[in-house]
Amino acid sequence: MSAHCQVTGRKPQFGKTVSHSHRRHSRRWNPNVQKRRFYLPSEGRTITLNVSTKGLKIIDRDGIESVVAQIRARGEKI
């Protein structure tokens, strides 16, 4: 699977590297996506999410239950 955060929706960005002689080559910037397991107390099971480091901060702030509810509201299957 590509580097895609399930919480924030961050994806790779594309651009050019420019050398000293000003030659340009394509490159991509990947977000810092980690595979993490979270325990859902309401369902009594663990889920695995691909989460960026910004997504981890959002989960710490809002809680895993509300984040999972937002993901399901978008229509993503967990």
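Above this text you will find the structure in question.
Residues numbered from 1 in each chain as written. Predicted model: local features only at pLDDT ≥ 70, side-chain atom pairs only at ≥ 80, totals over all residues. Heavy atoms only, no water.

Caption draft 1: Inspection of the overall build of the protein at higher detail. Counting its secondary structure elements, the protein contains two helices and four strands. The linear arrangement of helices and strands in the protein, starting from the amino end, is β-β-β-β-α-α. In terms of principal-axis extent, the alpha carbons of the protein reach across some 60 × 20 × 15 Å. Residues classed as buried in the protein amount to 26% of the 78 residues present. Once local pairs closer than 6 in sequence are excluded, the contacts in the protein between residues at least 24 apart make up 36%. Of the roughly 5,800 Å² that the protein leaves accessible, carbon and sulfur atoms contribute 48%. Within the protein, the 5 negative side-chain charges are centred at a point lying 16 Å from the centre of the 17 positive side-chain charges. (Helix = DSSP H or I, 4+ residues; strand = E, 2+ residues; numbered from the N terminus. Buried < 20%, exposed > 50% of the residue type's maximum accessible area, 1.4 Å probe, protein only. Contact = heavy atoms within 4.5 Å. Areas by Shrake-Rupley, 256 points an atom, 1.4 Å probe, with all protein chains shown as cover. Lys, Arg positive; Asp, Glu negative; His and termini not counted. Charge placed at Lys NZ, Arg CZ, Asp CG, Glu CD.)

Caption draft 2: Looking closely at the pattern of salt bridges. If you walk through the whole model with that rule in mind, you get four salt bridges. Between Arg 74 and Glu 76 there is a salt bridge, with the nearest N and O atoms lying 3.5 Å from each other. Note on Glu 76: relative accessible area 26%, which makes it partly exposed. Connected via shared salt-bridge partners are Glu 43, Arg 45 and Arg 72. (Salt bridge = Lys/Arg side-chain N within 4 Å of Asp/Glu carboxyl O.)

Caption draft 3: Spotlight on helix H1 (residues 53–62). Within H1, burial applies to Gly 55, Ile 58 and Ile 59. Buried residues along H1 cover an arc of 100 degrees about the axis, so they all sit on one side. Among the exposed residues of H1, those oriented more than 90 degrees off its buried face are Lys 57, Asp 60 and Arg 61. On its buried face, H1 sits against strand S3 (33–40), strand S4 (45–52) and helix H2 (64–73). (Arc of directions from axis to C-beta.)

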